[in-house]
Structures are given as structure tokens and as C-alpha cells.
Amino acid sequence: VRIYVADVNETLRIVADKCNVTLEELIQLNPEIEHPDVLLDGFPIKLPNEIVGNEDILDIPFCPLAVYEYADDWIPTISPEKMAETEYDVLIVGSGAGGAAALWRLSQQLGPDKRIGVIEAGETLLPTHPQNISASNEERLQQFSLNPDYMHRYEEALDNPMPTDFKQFFSLGGRALIWGTVCPRMDQVDLAQWPVSSDEMNKYYHIAEEVMQVNPFYTKGSTLQNVLLKRLQQTRFPNATDLPMAVDLRTSRYGIIFSNVFFNAIIFFALAMNTRPIDVAVNTRAVKVLFEGDQMSGVQVMSSDKRSYNIKAKTVILSASTFETPRILLNSGINRKPIGHYLTNQSSVFAIGRITRSNFPETLGNLALWIPRTKSRPYQIKIKGPGDYFWYQDEVMPLRESWEISFLSSGFVESRFVNKIELHPWKKDAYGVPELRVHFSYSKQDKRVIKQMEEAILHASAILSIPIAANRICIKEPGAENHDMGTCRMGNDPATSATNPFGQVHDISGLYIADSSVIPTSGAADPALTVIALAIRTADYIANQLKS
Ligand SMILES: Cc1cc2nc3c(=O)[nH]c(=O)nc-3n(C[C@H](O)[C@H](O)[C@H](O)COP(=O)(O)OP(=O)(O)OC[C@H]3O[C@@H](n4cnc5c(N)ncnc54)[C@H](O)[C@@H]3O)c2cc1C
């Protein structure tokens, strides 16, 4: 049955005539209407279903059929072939912590008339951090992120005195897709040695922290955190505190849904591409930077089917990380003495302790304690857990008698010329680029710091009453912590640094670096916040150059 609303001066008889229905049918369907000639102005009248005559009843048009342009992926990308048809104002190579941060800042600073492009060697693996995915957990995240399809391990030089585990994650978002979101600033002791002043660094740390939602509240309200923090503060570690993390703990508002708690580089992409158009090519590997005379002219890239394209740009930012950025420079014939040298990382002692319900009966919560580096303490310690309770998607975890707590320390490592990457003399990858070889060892001073970290972890475990079994404390292989840096470090002296303090390769206008390779010295704080702060600063410098 359909409803027809009677017009002025219409009766049941008139409606029957108008809608091509018999009067008897209408009388039967509308018994409440007493007479077929009563005026029914505005009255709803039931009509039988099979009546035609829509054109008389429906006086609003049908919505036009939508014409869709289909997308290949969850983020708009274009082919390198198409990018080769455009001249970019700025072309960014790599989309991890440094590249994505530079992209975000440039998208804020440059007008829509400027073209920005991004070249990424990896694929569009995930639209968010795996910790934001409900089907993920600690074990699955490890299994996924260490998969050799994405995580490439670098070969050690034969004469390497110690095993190393230097590696690189290839994907849109780079390592800033799967990272731990721990975000401390470098200590003033370290910044005092840098070519960028502490005031300037603090200004850019502040910008980075604001956009990444860095805060110390991830463990707020956890009894475990409060009790253990007090134990540390009242003894040897008075400056122990809550671990700063890039976690968005705000509730939903203004249409923004904060299911994206753990910050990741894709958020930088969203902030950029929701403001202005940008071109992104994935599965596209930069192999060389190109020049016309002594002017930057762009980047040579290879698609996954090994076709070569030249993408034009007068300003290029290399953000391919500690290993791949110097590799691109060396493969382009830019082989000044410091490039690839001064490879550093943070040394790491790792331990697993156990708390039990019987000696910790308080309500469980998660734990993220931070003992920062100081002038007299050349390392930091993070104490995290318990077990997979640190981040989890189930609302209720099974009540266990015993839980694992991890102690992770990161130590200052000297920047030494002998620690370096170099192009392999004969081995090349599928794109025809020489493979990398890594030379790395710890100095006597580095080893002293490692011993101090072991002693401090054991002391902290005693203070906290979280025993560590003898076989549960170990030194991580250099690189295993993923805090590699320094191979294109910034500085004022071209004899000992690859870039100037703004990230511009010395004496090559238009060629910049914004990633972990520019960090001048290792410090002891997790490096991503510093990578991002410096990348934002480099983007500001470039934007000012392009505006003037
Ligand atoms: C599991 C894990 C946990 C971590 N946790 C933390 C943490 O909690 N806190 C912290 O501060 N740091 C952490 N880190 C380290 C941090 O992620 C890195 O320091 C940071 O991401 C480095 O930024 P980047 O821009 O130099 O490199 P990346 O983020 O690795 O980005 C480099 C990008 O360049 C792309 N690329 C490489 N070569 C080419 C090429 N030839 N052409 C085009 N693209 C290319 C790569 O695919 C990648 O997307 C963690 C790392 C890992 C792996």
C-alpha cells in the first residue's frame, strides 16, 4: 500500500480518477472516509500497490547516478612514469620519520602553487601502526615487522670484530609505522655539542611534540606505575619519571576519531594531503641524484619492474635513513670523506625481570618508567610491561600469577670515523645499485658505558624487587635496537660532516637530508623525536628559501 496526500479540492472520486484506480478499491482501502465526495485537502489516502502513474505522484527527481573514479589503494598514489612528466618544487625520497615530517611541514608552509612529490621504495603496507589494529598483539607485531620481505638486514664487513644487526624497514611510513612511539628529547649534555643551539632544538622539539601528541600520561592511573616510580625516585634515581610517548589519548571530538592512538608516519601524510595535493609514488626506488652542470635537476628512480625514470626537481630531500641515504649519495658519485662514516647507534643492555601477584597484590596497570640520561649517567633506562599488558586490544587480560617486566637501556656511543658503511666492491642489488657493507665496533669508552648499564639495571631491579634471572640479561648486537644514525651528520666543518646545520649537503644547493643519518652524535634518548624535529627545521629552512 502506498500513501497519496490529497490536494486542495480533491475527493476520493477525483483521486481514483487521477491515479487510475477504481473507486471501489479506494473505498475498501480507506474505510475511514465516509463519502467519496468529501473534500480531502491534505488527507493521506491509501492507494493499492500495483498502481502506476509515479510521474503524477513523485514530484522530486531521482538522484543522478554517481560516477566513481576507482582507487587502487587506501591512499592516492601515482606511477613514477606520471611523476616524470612533472617538475617538482620539492621531491622527498623516503616516507619514514624524517620524510613524512618534512612533507607535513612543507605542506603547511608552501602555497598550493608549489608541487611536492614523494618517492617511496616500499609498498603501502598498512594504513596505521599495527598497535592500532585490533587483531595485532606483541608477538604478531614482532613476526610481522621482522619479516625479511620488508625488513632488510645489512651485510657485515668480513673483518667486523662483533656481530651486528643493522637493518631497514621498507614501507610507506618506514620504521615510523612500526616503532615503539617512545619520544624523549636528547639531553642538554648532548645538545651542547651540536651545531644547532639548544634553544633552537627545544623550539623544534616543541613543534614535533605538539603535532605527535607526545605526553607522559600513557600509564596514568596505573598503581603499578605509581608504586614502582616512587621506589626509584626515593633511592638512587631521583629524576626517574613517566616515559614520554607519542600516543593520542584524547577522546573523539569534532568528527575526529582517536582510534589512531599510537602515532605513525601515515598521520603526517593525512595532515599533508588533507591540506593540499601531493604526488606519492610507492614501490619506486631512488638510485641517484641528478645534476645539470652544478645545479640539482632531480632524482633517477626505478620502478618495481626495473624501469628507470628521471623525476625533475630543483630541491631534493633525501630521507631514506642511516643506510640508504649515504648509499644514494655514494652511488651518485658524491663521495666526500665524511659521507657514510661516523656510523653510530646506541648500545643496549636488555633484561627481563618478573613480578608476581603474591609480592605485588595491587591492582594491575601498565608500566612505562624512564630513567633519563644525565651528565654523570651516559645512558637511559626504560622499564616497561607487564608482559603483553603494555598495549593490548582485549579489555580484560587473564589474571596470571607472574608477569615479565623488561629493562631496556640505551647508551651513548662515540662517533668514530672507522665506523662506516661502504658500497660493496662487486655485489649489486636487483636495481643495479651496489650493496652496502657495514663496519662497526664499540670503543673502550663505549664498552665502559655498557658495563655501567648492566650494573644500573641490576641495581634498579633490586630497588624495584623485580628479580632478573642470571641468563635474562644480555647486550643487544649493535643495530638491534634500531637507533642507528650519523652517516651524513650535520656540522659546520665539511671535513667532518656531510651537511650544514640546516641539513643541506655542504656546497650543493638544493640537496638536503632529513632523516636519522644527520644526527650529529648518538646521545642516549630514542632518536625519532629528534629526527622529526630536525626534519621540520630543515623543511622550514627550505620553505623560506623557496619563498624568497
Ligand atoms: C621496531 C622498532 C621500534 C622503534 N621504536 C622507537 C621508539 O620507540 N622511539 C624512537 O625514537 N625510535 C624508535 N625506533 C627507531 C625509529 O623508528 C627510527 O629512528 C626512525 O624511524 C628513523 O627515521 P628515518 O626517517 O631516518 O628512517 P625510516 O623511518 O626508516 O624511513 C626511511 C624510509 O626511506 C625509504 N627508502 C629507503 N631507501 C629508499 C630509496 N632508495 N628510495 C626511496 N625510498 C627509500 C624506506 O622504505 C623508509 O620508508 C624504532 C625502530 C624500530 C624498527
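The structure this text deals with has already been given above.
Read on for an overview of the structure. As the structure is a computational prediction, the values presented were derived from the model and not from experiment. (Residues numbered from 1 in each chain as written. Predicted model: local features only at pLDDT ≥ 70, side-chain atom pairs only at ≥ 80, totals over all residues. Heavy atoms only, no water.)

Description of the sheet that holds strand β20 (residues 434-439)
Line of reasoning, step 1. Read from one edge to the other, the open sheet built from three strands follows the order β6-β20-β19, with strand pairing classed as mixed. A single partner strand is all that each edge strand has here, and the edge strands are β6 (155-156) and β19 (420-428).
Line of reasoning, step 2. On the sheet, helix α11 (residues 321-331) packs against β19 and β20 and is oriented at approximately 60° with respect to β19. (Pairing = 2+ DSSP bridges. Helix = DSSP H or I, 4+ residues; strand = E, 2+ residues; numbered from the N terminus. Contact = heavy atoms within 4.5 Å. Axes fitted to C-alpha atoms, helices over the stretch in contact; angles between N-to-C directions.)

Considering the packing of aromatic side chains
Line of reasoning, step 1. Applying the stated criterion to the full structure yields 15 aromatic pairs.
Line of reasoning, step 2. On the basis of an interplanar angle of 70° and a centroid distance of 5.4 Å, the ring pair of Phe166 and Phe440 is categorised as edge-to-face. Remark: Phe440 occurs in the loop between β20 and α12 (444-464) and Phe166 occurs in the loop between β6 and β7 (167-169); sequence separation between them is 274 residues. Taken individually, Phe166 and Phe440 each receive the classification buried, so the pair is uniform in this respect.
Line of reasoning, step 3. An aromatic cluster is built from Tyr154, Phe166, Phe323, Phe440 and Tyr442, whose rings are joined through pairwise contacts. (Phe/Tyr/Trp six-rings, centres within 6.5 Å; stacked < 30°, edge-to-face > 60°. Buried < 20%, exposed > 50% of the residue type's maximum accessible area, 1.4 Å probe, protein only.)

So, the sheet that holds strand β21 (residues 468-475)
Line of reasoning, step 1. Across the sheet, which stays open at both edges, the six strands sit in the order β9-β16-β17-β18-β15-β21 with antiparallel pairing between neighbours. Every interior strand has two partners, whereas the edge strands, β9 (241-242) and β21, have only one.
Line of reasoning, step 2. Relative to strand β18 (residues 402-411), strand β15 (residues 349-356) runs antiparallel, the two being bridged by seven bridges. Within the sheet, the bridge partner assigned to Phe350 lies in β18 and is Leu408.
Line of reasoning, step 3. Where α12 meets the sheet, it contacts β15, β17 (379-385), β18 and β21, and its direction lies at approximately 150° from that of β18.

What about helix α13 (residues 528-547)?
Line of reasoning, step 1. With 20 residues, α13 extends 28 Å between its outermost C-alpha atoms, agreeing within 8% with the 28 Å of an ideal straight helix rising 1.5 Å per residue.
Line of reasoning, step 2. Burial of α13 is extensive: 15 of the 20 residues sit out of reach of the surface. (Expected span 1.5 Å × (residues − 1).)

Considering the packing of helix α5 (residues 97-109) against α13
The description of two helices packed together rests on the angle between their axes and the distance between the axes.
Line of reasoning, step 1. Their axes nearest at 8 Å, the elements α5 and α13 cross at an angle of 40°. Put simply, α5 runs oblique to α13. At the point where α5 passes α13, the crossing takes the right-handed sense. Contacts between α5 and α13 involve Ala97, Gly98, Ala101, Ala102, Trp104, Arg105, Leu106 and Gln109 on the former and, on the latter, Val531, Ile532, Ala535, Ile536, Ala539, Asp540, Ile542, Ala543 and Lys547. (Parallel < 35°, antiparallel > 145°, perpendicular 65-115°, else oblique. Left-handed = near helix turned anticlockwise from the far one by under 90°.)

Examining the site of the ligand
Line of reasoning, step 1. Close to the ligand lie 37 residues, the nearest being Glu120, Gly180, Val182, Ser516 and Ala528.
Line of reasoning, step 2. One of the backbone nitrogen or oxygen atoms of Ala121 is found 3.1 Å away from a nitrogen atom of the ligand.
Line of reasoning, step 3. A distance of 3.0 Å is found between an oxygen atom of the ligand and a side-chain nitrogen or oxygen belonging to Gln168.
Line of reasoning, step 4. Contact with the protein chains hides 95% of the accessible area of the ligand, taken as 1,000 Å² for the molecule alone.
Line of reasoning, step 5. Taken together, the elements giving at least two residues each to the shell around the ligand come down to α5, β7, β12 (284-292), α11 and α13. (Near = heavy atom within 4 Å. Polar contact = N/O pair within 3.5 Å; in protein donor to acceptor, adjacent residues only side chain to side chain. Areas by Shrake-Rupley, 256 points an atom, 1.4 Å probe, with all protein chains shown as cover.)

Some details on the pairing of β19
Line of reasoning, step 1. Here β19 pairs with β20 via five bridges, running antiparallel. Among the inter-strand pairings, Ile421 is bridged to a residue of β20, identified as Val438.
Line of reasoning, step 2. Between β19 and the antiparallel strand that follows it, β20, lie five residues; Gly432 among them carries a positive phi value of about 80°.

Notes on the environment of Arg416
Line of reasoning, step 1. Tracing the backbone shows Arg416 in the loop between β18 and β19.
Line of reasoning, step 2. The exposure class of Arg416 is partly exposed, given its relative accessible area of 22%.
Line of reasoning, step 3. C-alpha separation for the pair Arg416 and Leu529, spaced 113 residues apart in sequence, amounts to 23 Å.
Line of reasoning, step 4. Among all residues touching Arg416, those that are not within four sequence positions of it are Tyr342, Leu343, Ser441, Tyr442 and Ser443.
Line of reasoning, step 5. Polar side-chain contacts of Arg416 include one of 2.8 Å to the backbone oxygen of Ser441.

Focus: helix α10 (residues 265-273)
Line of reasoning, step 1. Listed in full, the buried residues belonging to α10 are Ala265, Ile266, Ile267, Phe268, Phe269 and Ala272.
Line of reasoning, step 2. Packed against the buried residues of α10 are α5, β4 (116-119), α8 (198-212), β11 (279-281) and α13.

Considerations on the packing of α5 against α10
Line of reasoning, step 1. Between α5 and α10, whose axes approach to 8 Å, the crossing angle comes to 20°. Here α5 lies roughly parallel to α10, going by the angle between them. Classified by chirality, the crossing of α10 by α5 is left-handed. Of the residues in α10, those in contact with Ala100, Ala101, Leu103, Trp104, Ser107 and Gln108 of α5 are Ala265, Phe268, Phe269, Leu271 and Ala272.
Line of reasoning, step 2. Taken together, the residues of the contact of α5 with α10 sort by class into nine nonpolar, two polar and no charged. (Nonpolar A, V, L, I, M, F, W, Y, C, P; charged D, E, K, R; others polar.)

A short note on unusual backbone geometry
Line of reasoning, step 1. Between Gly385 and the following residue, Pro386, the backbone shows a cis peptide bond with an omega angle of -10°.
Line of reasoning, step 2. With respect to the element layout, Pro386 can be found in the loop between β17 and β18.
Line of reasoning, step 3. Its identity is not glycine, yet Lys306 carries a phi of approximately 65°, on the positive side.
Line of reasoning, step 4. With respect to the element layout, Lys306 can be found in the loop between β13 (295-303) and β14 (308-318).

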